[in-house]
Amino acid sequence: MIKTGIDAMSFYVPHRYIGLESLAERHGIDPEKFSKGIGQEKIALPGHDEDIVTMAAEAAKPLIDKYGADGIDTVLFATETGIDQSKSAGIYVHRLLGLPANCRNVELKQACYSATPAIQLACGYVARKPDRRVLVIASDVARYELDSSGEPTQGAAAVAMLISADPRLVEIDPVSGCFTEDIMDFWRPNYRRTPLVDGKYSALRYLNALIEAWRDYQANGGLDYSEIARFCYHLPFSRMGEKAHRHLAKAAKTQVNMDQALPGMIYNRQIGNSYAASMYLALISTLDNSDMDLGGKAMGLFSYGSGAVAEFFAGRVVPGYRDHLFTERHRALIDEREQVDYEGYLKLWQAVDPGDGSERILPDEARGRYRLASINEHQRHYIDSA
Ligand code: CAA
């Protein structure tokens, strides 16, 4: 059978953040509640001229620069913070990146889960057409109400992946375990800018969905727990991943080894929740930050989207994968950022799009080359400022 999977992947994060100690001080909370209790350090904050489109283009650009655009005939854009109810955000990205015009383009939604079906669909497609490649992008801005329990778990990032036959990074195993249940743990009606969330219930449903998906994965002939070298979880906050890892080890009746999951949490602790991108950010973090050469090793991947859908699947890291990582770029994106104080954070949080169609020129704040320059007559105008 033809091997398919992730040929290359990279992420982008905006260059402003607020440290969770500032939020703790503002709300009179012990900072250790955030650093230890939820396991987060920073919240990435998009500038006024950044959104899911600009982050997505920034994440995908290094892939196109290194591996070209030939054969990319499909763009799948996974997000739960879409900017339009009709048009796919991927169409803007398609133009910004100069992708071939003979291309299909569609947006997928199921909370934080949608990049996973995008990858499954893409793998099936390139198995049928091995000369083609699919660009899968997950891009989200996680924003909660001010002073809510979800506030410290905000964040923003995009992950871009090229899916191909004979991939150079991670072969995706066709065996999956899936689980769907109709629940209201986290949702965002069309008229709301921030989600409604039953936080503690959502964490319980996440853990339940993990076990249900794992059981289905086992029933479908998946790898034994002992055959998996590293685990990557959807990370609304890194402590959730730690709990998940313990929970799964217990279900598999084995001793937990946290070192199998911790490398995946390094970037997320510094960025915050990035919804659809989060589990894939954990995968990049694992590949970039594991001392051991993971070539030939299996990675267990758990994707969860509230509402809720979950999937457990596995990927095998391709020997020589390190030649195709963007580790230096990723570390620089995280290290070279500007901290804002609470007032600066409020200004970024409160920015809203004009609902009346009036013109709004956005300040030049993005560090990358792609910007949302203006919104006028309900149209968003993106530019490549390079
Ligand atoms: N020092 C160390 N730890 C401390 C502490 C201190 N001073 N004070 C509190 N803690 C610990 C608590 O003991 C608790 O630990 P346990 O989980 O082990 O019990 C932890 O910090 C969190 O504290 P609280 O239980 O008081 O929780 P909270 O009310 O502040 O909110 C939350 C936590 C409900 C997860 C909230 O962050 C939230 O609503 N987040 C958004 C929803 C979410 O992320 N859900 C996750 C599953 S759904 C999903 O994954 C989809 C998605 O992306 C949204």
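Look up a bit, the structure's there.
All values derive from a computational prediction rather than experimental measurement.

(A) Spotlight on the sheet that holds strand β3 (residues 42-45). The sheet built from 3 strands is open, its strands ordered β3-β2-β14 with mixed pairing. Of all the strands in the sheet, the pair left with one neighbour each is β3 and β14 (338-339). For strand β2 (residues 16-19) and β14, the ladder comprises 2 bridges, and the chain directions are parallel. Looking across to β14, one finds that R16 is bridged to E338. The sheet contacts of helix α1 (residues 20-27) involve β2, β3 and β14, and relative to β2 the element is tilted by about 50°.

(B) View of the packing of aromatic side chains. The full count for this structure, using the stated rule, is 13 aromatic pairs. Ring geometry for F11 versus Y267: centroids 5.3 Å apart, planes at 55°, classification tilted. Of this pair, F11 sits in strand β1 (residues 4-12) while Y267 is found in helix α8 (residues 266-271), placing the two residues 256 residues apart along the sequence. The buried category is assigned to Y267, whose relative accessible area is 3%. Through successive ring pairs, a cluster of aromatic residues spans W214, Y217, Y225, F231, Y233 and F312. We note K87 situated over the ring of Y92; from NZ or CZ to the ring centre the distance is 4.3 Å.

(C) Representation of the sheet that holds strand β15 (residues 360-361). With respect to topology, 3 strands assemble into an open sheet ordered β15-β16-β17, the strand pairing being antiparallel. Each of the sheet's edge strands pairs with one partner strand only, and the pair in question is β15 and β17 (379-384). By the bridge criterion, 2 bridges tie β15 to strand β16 (residues 370-376) in an arrangement that is antiparallel. Among the inter-strand pairings, I361 is bridged to a residue of β16, identified as S374. Across the sheet, helix α3 (residues 52-67) is in contact with β16 and β17; its angle to β16 comes to roughly 155°. Each of β16 and β17 touches helix α4 (residues 89-96); the most contacted strand, β17, lies at about 30° to it.

(D) Examining the site of the ligand more closely. The local shell around the ligand holds 24 residues, among which D30, K33, S202, H234 and K243 are the closest. Contact distances for the ligand include 3.1 Å between an oxygen atom and a backbone N or O atom of S149. Calculation on the ligand without its partners gives an accessible area of 1100 Å², and the protein chains cover 74% of this total. Of the pockets mapped on this structure, the ligand occupies the second largest pocket.

Conventions adopted
- Residues numbered from 1 in each chain as written.
- Predicted model: local features only at pLDDT ≥ 70, side-chain atom pairs only at ≥ 80, totals over all residues.
- Heavy atoms only, no water.
- Pairing = 2+ DSSP bridges.
- Helix = DSSP H or I, 4+ residues; strand = E, 2+ residues; numbered from the N terminus.
- Contact = heavy atoms within 4.5 Å.
- Axes fitted to C-alpha atoms, helices over the stretch in contact; angles between N-to-C directions.
- Phe/Tyr/Trp six-rings, centres within 6.5 Å; stacked < 30°, edge-to-face > 60°.
- Buried < 20%, exposed > 50% of the residue type's maximum accessible area, 1.4 Å probe, protein only.
- Lys NZ or Arg CZ within 6 Å of the ring centre and 35° of its normal.
- Near = heavy atom within 4 Å.
- Polar contact = N/O pair within 3.5 Å; in protein donor to acceptor, adjacent residues only side chain to side chain.
- Areas by Shrake-Rupley, 256 points an atom, 1.4 Å probe, with all protein chains shown as cover.
- 1 Å grid on protein atoms, 1.4 Å probe; cavity = no way out; pocket = protein on both sides within 12 Å on 5 of 7 lines; lining within 4 Å.
- Sits in = over half its atoms within 2 Å of the grid points.

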